[in-house]
Amino acid sequence: MELRKAALERMEGGSFDVLIVGGGINGAVSAAVLAGRGANVALIDRGDFGGFTSQTSSNLVWGGFKYLESYEFFLVRKLCVSRNRLIKAYPDNIKPIGFLATLDKTSPFPPWLAALGSLAYWAIGSFRTHWPRLLRPKKIEAVEPIINTTNARGGIEYYDAYLTDNDSRFVFGFVRSAMDVGAAAANYVELLGAERTRMGWRATLRDGENGRDFTCNARVIINAAGPFVDALNEDLGPQTDHRIVYSKGIHLVVPQLTKNERVLAFFDDTQRLFYVIPMGRRSVIGTTDTRVDNPYTAVTDEDRDFLLGQINARLDLDVPLAPADVIAERSGVRPLVVKRGGSDQTEVDWTKLSRKHEVEVDRPR
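Residues numbered from 1 in each chain as written. Predicted model: local features only at pLDDT ≥ 70, side-chain atom pairs only at ≥ 80, totals over all residues. Heavy atoms only, no water.

A. Structural view of unusual backbone geometry. In this model, Gly286 is joined to Thr287 through a cis peptide bond whose omega is 5°. Mapped onto the secondary structure, Thr287 falls in the loop between strand E14 (282–286) and strand E15 (290–292). Backbone geometry at Asn59 places phi at a positive 65°, although glycine is not the residue there. The exposure class assigned to Asn59 is buried, which follows from its relative accessible area of 16%. One non-glycine residue, Tyr71, adopts positive backbone phi at about 60°. Secondary-structure assignment places Tyr71 in the loop between strand E3 (60–61) and helix H3 (73–89). (Helix = DSSP H or I, 4+ residues; strand = E, 2+ residues; numbered from the N terminus. Buried < 20%, exposed > 50% of the residue type's maximum accessible area, 1.4 Å probe, protein only.)

Structural data, given as structure tokens:
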């Protein structure tokens with residue numbers, strides 16, 4: 001509370017090089033990098049830091065293997081480079097882990113083609129992970145007996161990484177790093193509006209703890225509001241070439257399904273990937289990929305039944321998982337970037353939307 005109070009005292013009537021709106025992973029990293037390079041930074045979030053999309057992730061730190069399918073090789077390369085850097089920079093938090101992908105009759109690719117893809121993926125990632133391998137059904141059953149190989153054509157094992165820590169706590173680590181080098185950061189502070197001045201922007205903020213309004217000045221405002229970037233742009237006035245659409249993803253936390261420290265990957269009946277991810281003495285099943293129009297989501301009975309049905313069909317369990325076995329549920333949205341006026345309405349377009357980032361700059365005219 002004392003840190004927050006001190007940050008608010010600095011913000012009220014203060015002047016900053018940059019005001020960052022949104023304390024998810026993008027805003028937190030932006031604050032840490034800019035403050036670390038000497039910029040005078042203010043960071044706000046109308047909720048808690050890492051409290052929305054950035055606390056509902058799969059905790060996977062991967063190079064985008066599935067994007068090879070859509071030939072986004074440059075994107076995969078950038079993601080792999082970022083993954084490698086994160087593993088090196090945060091060895092206590094981010095660790096390499098094997099992914100065992102079982103390919104059955106519903107899978108869109110034969111095992112040999114997936115194996116070639118895994119070799120290409122390994123090469124694109126500069127051979128920084130353990131080498132991949134092709135597995136026959138009997139080998140899959142030997143290394144992971146819990147997998148039902150009745151309909152399996154084979155599988156592959158390749159390597160990526162995962163975040164062993166809580167994802168929102170990892171986000172806050174960047175917020176804290178920014179604060180340690182001079183940034184003013186406060187959660188539960190909302191941007192009510194901003195107007196351009198000769199020196200940049202005058203922003204009106206509201207302290208969510210007591211409802212008090214105050215102003216601060218900033219040369220630049222960074223909109224890092226994740227799923228809410230469009231609404232904030234509408235309030236501030238910038239016209240952008242892109243907009244956000246939402247992909248809903250859910251996770252089910254269940255008792256530990258396997259003690260082996262690896263991610264199990266499967267294609268569901270709609271040919272979309274989902275995983276069983278280790279989480280200490282628990283397992284996490286997910287994620288789904290569903291088009292929604294609202295960033296506020298929840299796990300529905302239909303979501304839960306679908307995911308449990310898919311995993312029960314692919315694991316050899318003594319007793320199938322039931323809703324009563326679900327310890328906790330997570331639901332969130334991925335904000336995906338599309339061109340304004342572009343077509344994203346068909347199911348084919350939706351499932352193949354790129355996960356690329358776009359940075360747009362609105363300069364004073």
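Structure shown, so let's carry the discussion forward.
B. Local environment of the pattern of salt bridges. In this structure the tally under the stated criterion is 19 salt bridges. Taking the shortest distance from any N to any O, the salt bridge between Asp303 and Lys248 comes out at 2.6 Å. Here Asp303 is found in helix H8 (residues 301–314), whereas its partner Lys248 is found in strand E11 (residues 242–255), with 55 residues between them in sequence. Judged by relative accessible area, which is 15%, Asp303 ranks as buried. Here the salt bridges share partners, and the residues they tie into one network are Arg133, Glu144, Glu157 and Arg262. (Salt bridge = Lys/Arg side-chain N within 4 Å of Asp/Glu carboxyl O.)

C. Broad picture of the side chain of Ser331. Within the fold, Ser331 resides in strand E16 (residues 328–339). A polar side-chain atom of Ser331 sits 2.7 Å from a polar atom in the side chain of Thr297. Those residues in contact with Ser331, other than ones at most four positions away along the chain, are Thr56, Lys248, Gly249, Ile250, Thr297, Ala298 and Val299. (Polar contact = N/O pair within 3.5 Å; in protein donor to acceptor, adjacent residues only side chain to side chain. Contact = heavy atoms within 4.5 Å.)

D. Spatial organisation of the packing of aromatic side chains. The tally for this structure, following the rule as stated, stands at 17 aromatic pairs. For the pair Phe65 and Tyr158, a centre-to-centre distance of 4.5 Å together with 75° between the ring planes defines the contact as edge-to-face. Residue Phe65 is located in the loop between E3 and H3, and its partner Tyr158 is located in strand E6 (residues 152–163); the two are separated by 93 residues in the primary sequence. By the burial criterion, Phe65 is buried, and Tyr158 matches it. Taking the centre distance of 5.3 Å and the plane angle of 90° together, the rings of Phe170 and Phe174 count as edge-to-face. In this pair, Phe170 and Phe174 both sit in helix H6 (residues 167–180), four residues apart, roughly one turn of the helix. Taking the relative accessible area as the measure of exposure, Phe170 reaches 13% and is therefore buried. (Phe/Tyr/Trp six-rings, centres within 6.5 Å; stacked < 30°, edge-to-face > 60°.)

E. Inspection of H6 at higher detail. End to end, H6 covers 20 Å across 14 residues, agreeing with the expected 20 Å (1.5 Å per residue, within 8%). One or two steps after H6, the chain reaches Gly182, where phi turns positive at roughly 110°. (Expected span 1.5 Å × (residues − 1).)

F. Here's a closer look at the environment of Ala231. Assignment of secondary structure puts Ala231 in helix H7 (residues 229–236). Judged by relative accessible area, which is 42%, Ala231 ranks as partly exposed. Separated by 13 residues in the primary sequence, Ala231 and Ile244 place their C-alpha atoms 9.9 Å from one another.

G. Highlighting the nonpolar core. Grouped together as the largest cluster of nonpolar side chains are 29 residues, with contacts concentrated most on Met11, Leu19, Ile44, Leu191 and Leu205. No other element matches the four residues that strand E10 (residues 213–223) contributes to this core. The contact partners of Leu19, leaving out residues within four places of it in the chain, are Ala42, Ile44, Ala203, Leu205, Cys216, Ala218, Val220, Ile221 and Ile222. One finds Leu60, Leu68, Val263 and Val284 within the second-largest nonpolar core, a separate group that totals 25 residues. (Core = buried A, V, L, I, M, F, W, Y, C linked by side-chain atoms within 4.5 Å.)

H. Highlighting a nonpolar patch on the surface. A contiguous nonpolar surface patch, about 410 Å² in accessible area, is contributed by Trp112, Leu113, Leu116 and Leu119. With respect to the helices and strands, the residue Trp112 is situated in helix H4 (residues 111–124). Residue classification places Trp112 among the exposed positions, given a relative accessible area of 54%. (Patch = residues over 30% accessible without salt bridge, like charges linked within 9 Å, V, L, I, M, F, W, Y side chains within 5 Å. Areas by Shrake-Rupley, 256 points an atom, 1.4 Å probe, with all protein chains shown as cover.)

I. Representation of H8. With 14 residues, H8 extends 20 Å between its outermost C-alpha atoms, agreeing within 8% with the 20 Å of an ideal straight helix rising 1.5 Å per residue. Three or more residues of H8 are buried, namely Asp303, Arg304, Leu307, Leu308, Gln310, Ile311 and Arg314. End-on, the buried residues of H8 take up no more than an arc of 160°, which puts them together on one face. Residues of H8 that are exposed and point over 90 degrees away from its buried face: Asp301, Glu302 and Ala313. Contacts made by the buried residues of H8 are with strand E4 (94–104), E11, strand E12 (262–267), strand E13 (273–279), E14 and E16. (Arc of directions from axis to C-beta.)

J. Just the environment of Leu205, in detail. Inspection of the secondary structure puts Leu205 in strand E9 (residues 200–207). Relative accessible area serves as the criterion here: at 0%, Leu205 is assigned to the buried category. Residues in contact with Leu205, not counting those within four places in the same chain, are Met11, Leu19, Ile44, Val189, Glu190, Leu191, Leu192, Arg212, Asp213, Phe214 and Cys216.

K. Expanded view of the packing of helix H2 (residues 25–36) against H6. Following both chains from N to C, one finds H2 and H6 inclined at 25°, their axes separated by 8 Å at the closest point. Between H2 and H6, the angle falls in the class roughly parallel. Along this stretch, H2 crosses H6, giving a crossing that reads as left-handed. Residues Ile25, Ala28, Val29, Ala31, Ala32 and Ala35 of H2 form the contact with H6, whose own contacting residues are Val171, Phe174, Val175, Ser177 and Ala178. Across the contact of H2 with H6, the residue classes tally to 10 nonpolar, one polar and no charged. (Axes fitted to C-alpha atoms, helices over the stretch in contact; angles between N-to-C directions. Parallel < 35°, antiparallel > 145°, perpendicular 65-115°, else oblique. Left-handed = near helix turned anticlockwise from the far one by under 90°. Nonpolar A, V, L, I, M, F, W, Y, C, P; charged D, E, K, R; others polar.)

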